[in-house]
Amino acid sequence: MLKRRLFLVAAALFLVFSSSGIAGAESESIVGSEIILYDEMVDILGQLEEQSDGKLDVFTLREIGIEEGRSETGKDLYVAKIGNGDRNIWVQGRIHGNEPYGTNATLRLIENLINEKDVSYKEILEELTVYFIPMYNVDGANRNQRGTILYDHETGEPKLNDRGQTITVDLNRDWVDGGFDAIESVGYYKLWTQIKPEFMMDIHHQGNKNFYGTNIPVTLSLGISLNPGGPTLPNLKGGEYEDLTRQAMVTVFDALKPYKEFTVDQYITGTNVIDIRGGVSSGMMMGINYEGLNEEGHSNPAVFLETSGQFLDGEREPLIQQNIIATHAFLSGLASGELYKADPERWNEVPIRPISGFNTDYQGVIPINPPRPEIPVKVSADHIKALVERYEEIGKFANKGAAQTLKVHATSLKHYEETGQYDKVIKHLDGFNKLIDQQKKTNLMTDGTYQMLKANSDYLKVLMEKQKNQAVGGKAG
């Protein structure tokens, strides 16, 4: 049981939600949208455990006998266990200390489970036992640092390299043969060998990005650290993990579709996808056997989320909610069994740019010949109309009149697109852009709403120009 710390949670942690209409936001949540540091996390976990009426068990790794269950600076590593099912699931956040929202999202999910927010949360509790690690990299989180600094545990001083610089380790590259340099990597690994999870989810951040060939922002990328069709994943468990990871990501992709403010693609680095074997998720999938602790060869599929940037339309809360919706869909899909019914080939519906290779941590870049083609983002007049309706629903317009004017215009766009009148679509898109420009100047919509509508309108115009040219070319032929 977690002992309460003798200090108050900062007032900033008590989120008072605005009328922004963010999906699933709870006005009485004790988990705010501000960046949470280690001591604040510990205190929130204590409050959640007290409120849980026995549902939640918060413990440290050292409390369950894992001697290495501490950070390089000696901080305890916390785990929150909830659920009564016989299938163990591992959900972690903030393995990179400067990627904060995995902590907020996991704590909010715990709160939702305690409160049995809806029937799906009750089913999760009945079918699964979820081990949440809200802050994997506790030292890095307090420093706002991606990795962690290694320490001499006898002197308490940071370890230095030959140039006198502190040695830093990326904890998400440390689950590999010849690795486990950080003591917390060993501690978490021992927990993994004990609980033997069925599946794993890891919550990350990335920089801001747009869909390929557009100015449309991406708010979330779906990741599989050993890429489907790559050098490694098809050979694990006879291809079983290739299907299961894609099924998990398709489940998340579908769950986010109603939330038009969230835009989703596949995770990439530059022009390549990844095949990284030293990550925690990869180590789990490959059944790494460190110091003979996994002789029986346990392994499990694993996936990750990459939230784009630190703010969406000037707010942190929507990005936290995005992670909550995605991770809840993952857990609910596992609990109900619906995840296992998803068509893994629908992974090829998730947008991605053309891909020329695999970025690896064992063989540099492995080329893909021929390159994989682009899976483009889908944009239409109907999609733009749905965007306007969603932004109206979540309060992004100053008044109903502003949204109504745009909906009328989008309805005309839809008619002209569906009837192949591409010249009229292009002409009306110019008018639509003038409307949103004017509404932006007069503060009738938020900056983020304008950015998304303008980018979609511009890209639809490009698509309509192509359609027009193809139609003309067809007639000429």
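Draft legend 1. Local environment of the nonpolar core. Residues Phe132, Trp175, Leu222 and Phe330 are the most contacted members of the largest nonpolar core, which totals 96 residues. By residue number, the principal contributor to this core is helix 8 (residues 317-336), which donates 9 residues. Leave out the neighbours within four places in its chain, and Phe330 touches Ile89, Phe199, Met200, Met201, Ala248, Val252, Val303 and Leu339. Residues Phe211, Ile394, Ile426 and Met452 belong to the second largest nonpolar core, which totals 32 residues.

Draft legend 2. Local environment of the sheet that holds strand 1 (residues 56-60). With mixed pairing, 8 strands are arranged side by side in an open sheet as 1-2-4-3-7-13-10-11. Each having just a single partner strand, strand 1 and strand 11 (264-266) make up the two edges of the open sheet. Along the sheet, successive strands turn relative to each other by an average axial angle of 20°, direction set aside. Of the strand pairs in this sheet, strand 3 (residues 87-93) and strand 4 (residues 128-133) are connected by 6 bridges, and their pairing is parallel. Across the sheet, residue Asn88 finds its bridge partner in strand 4, namely Thr129. Along the sheet, helix 3 (residues 119-127) contacts strand 2 (78-82), strand 3 and strand 4; its crossing angle with strand 4, the most-contacted strand, is approximately 100°.

Draft legend 3. Fine view of the environment of Gly431. Residue position: Gly431 is located in helix 11 (residues 422-441). Given the relative accessible area of 22%, Gly431 is considered partly exposed. Spatially, the C-alpha atom of Gly431 lies 44 Å from that of Ser225, the residues being 206 residues apart in sequence.

Draft legend 4. The environment of Lys454, seen in detail. Within the element layout of this structure, Lys454 appears in helix 12 (residues 447-476). Sequence separation between Lys454 and Gly74 is 380 residues, and the spatial gap between their C-alpha atoms is 50 Å. Excluding residues within four positions of it along the chain, Lys454 makes contact with Asn433, Ile436 and Asp437. Only 2.8 Å separates the side chain of Lys454 from the side chain of Asp458, close enough to count as a polar contact.

Draft legend 5. Spatial organisation of the pattern of salt bridges. Overall, the coordinates contain 29 salt bridges when judged by the stated rule. Note that Lys55 and Glu116 form a salt bridge whose closest N and O atoms lie 3.1 Å from each other. In this pair, Lys55 is assigned in the loop between helix 1 (38-51) and strand 1 and Glu116 in the loop between helix 2 (101-114) and helix 3, connecting sequence segments 61 residues apart. With a shortest N-O distance of 2.8 Å, Asp458 and Lys454 are connected by a salt bridge. Of this pair, Asp458 and Lys454 are both found in helix 12, 4 residues apart, which corresponds to roughly one turn of the helix. Classification of Lys454 as partly exposed rests on a relative accessible area of 23%. The network of salt bridges with shared partners includes Asp254, Lys257, Arg346 and Glu349.

Draft legend 6. Inspection of empty space enclosed by the protein at higher detail. Considering all chains together, one arrives at 1 cavity of 30 Å³ or more under this definition. When its volume is computed, the largest cavity comes out at roughly 30 Å³. Among the residues forming the lining of the largest cavity, the class breakdown is 5 nonpolar, 3 polar and no charged.

Draft legend 7. Expanded view of the sheet that holds strand 15 (residues 365-372). On the basis of which strands lie adjacent, the open sheet formed by 3 strands has the order 12-14-15 and mixed pairing. Two strands bound the open sheet, and with one partner strand each, they are strand 12 (272-275) and strand 15. Neighbour-to-neighbour, the strand axes of this sheet turn through a mean angle of 25°, independent of strand direction.

Draft legend 8. Main features of the pairing of strand 13 (residues 302-308). Strand 13 sits mainly inside the fold: 7 of its 7 residues count as buried. Burial along strand 13 is two-sided: the residues Ala302, Phe304, Glu306 and Ser308 and Val303, Leu305 and Thr307 are all buried. Note that strand 7 (residues 199-206) and strand 13 share 7 bridges and pair parallel. Residue pairing across strands places His205 opposite Thr307, the latter belonging to strand 13. Across 4 bridges, the pairing between strand 10 (residues 220-223) and strand 13 is antiparallel. Considered in strand 13, the bridge of Gly223 is made with Phe304.

Draft legend 9. Structural context of the environment of Arg277. Looking at where Arg277 falls in the secondary structure, it is placed in the loop between strand 12 and helix 7 (280-286). Between the C-alpha atom of Arg277 and that of Ser380, which follows or precedes it by 103 residues, the distance is 39 Å. Filtering out sequence-adjacent residues up to four positions away, Arg277 remains in contact with Trp175, Leu226, Pro231, Thr232, Ser282, Gly283, Met286, Asp361 and Tyr362. Here the side chain of Arg277 touches Thr232 through a polar contact of 2.9 Å, side chain to side chain.

Draft legend 10. Focus on the packing of aromatic side chains. Here the structure, examined in full by the defined rule, presents 12 aromatic pairs. Pairing Phe180 with Tyr290 gives two aromatic rings, centres 4.1 Å apart and planes at 25°, and the pair type is stacked. Here Phe180, found in the loop between strand 6 (168-169) and helix 5 (183-195), pairs with Tyr290, found in the loop between helix 7 and strand 13; they are 110 residues apart in sequence, far enough to count as distant. Between Tyr189 and Trp192, the aromatic rings sit 5.6 Å apart at their centres with planes inclined by 45°, giving tilted as the arrangement.

Draft legend 11. Structural view of helix 9 (residues 381-393). Taking 1.5 Å of rise per residue, the 13 residues of helix 9 would be expected to cover 18 Å, and the 18 Å separating its terminal C-alpha atoms lies within 8% of that figure. Within helix 9 the residues assigned to the buried category are Ala381, Ile384, Lys385, Leu387, Val388, Arg390 and Tyr391. Immediately beyond the C-terminal end of helix 9, within one or two residues, lies Gly395, with a positive phi of roughly 75°.

The rules behind the values
Sequence order as written defines the numbering, with residues in each chain counted from 1. With the structure being a predicted model, the display of local features is reserved for residues of pLDDT at least 70 and the display and counting of side-chain atom pairs for 80 or more, all residues being used for whole-chain, interface and lining totals. Only heavy atoms go into the side-chain values, all of them from the structure, while hydrogens and water stay out. In plain words, nonpolar cores are sets of buried Ala, Val, Leu, Ile, Met, Phe, Trp, Tyr and Cys residues tied together by side-chain atoms within 4.5 Å. Exposed residues in this analysis have more than 50% of their type's maximum accessible area, buried residues have under 20%, and partly exposed residues fall in between, with area computed by a 1.4 Å probe over protein chains only. Numbering goes from the N terminus for both helices and strands, where a helix is a DSSP run of H or I of at least four residues and a strand is a run of E of at least two. Throughout, a contact is declared for two residues whenever any of their heavy atoms are within 4.5 Å. Any two strands between which DSSP finds at least two bridges are classified as paired. Axis definition: a line fitted to C-alpha atoms, over the contacting stretch in the case of helices. Angles run 0 to 180 degrees between N-to-C directions. We define a polar contact as two N or O atoms separated by no more than 3.5 Å, with the added condition that, inside protein, one atom must be a possible hydrogen donor and the other a possible acceptor, whereas residues neighbouring each other in sequence contribute only through side-chain atom pairs. Whenever Lys or Arg places a side-chain nitrogen within 4 Å of a carboxyl oxygen from Asp or Glu, that contact is recorded as a salt bridge. Grid spacing is 1 Å over the protein atoms alone, the probe is 1.4 Å, and a cavity is where that probe fits but cannot get out, while a pocket is an open set with protein on both sides within 12 Å along at least five of seven lines and lining residues have an atom within 4 Å of a point. Grid points are joined across faces, edges and corners, and a volume is the space filled by probe spheres set on the points. Gly counts as polar in this scheme, as do all residues outside two lists: the nonpolar Ala, Val, Leu, Ile, Met, Phe, Trp, Tyr, Cys and Pro, and the charged Asp, Glu, Lys and Arg. For Phe, Tyr and Trp, where Trp contributes only its six-membered ring, two rings pair if their centres lie within 6.5 Å, and the inter-plane angle classes them as stacked under 30 degrees, edge-to-face over 60, or tilted in between. By definition here, a helix of n residues has an expected span of 1.5 Å times n minus one.

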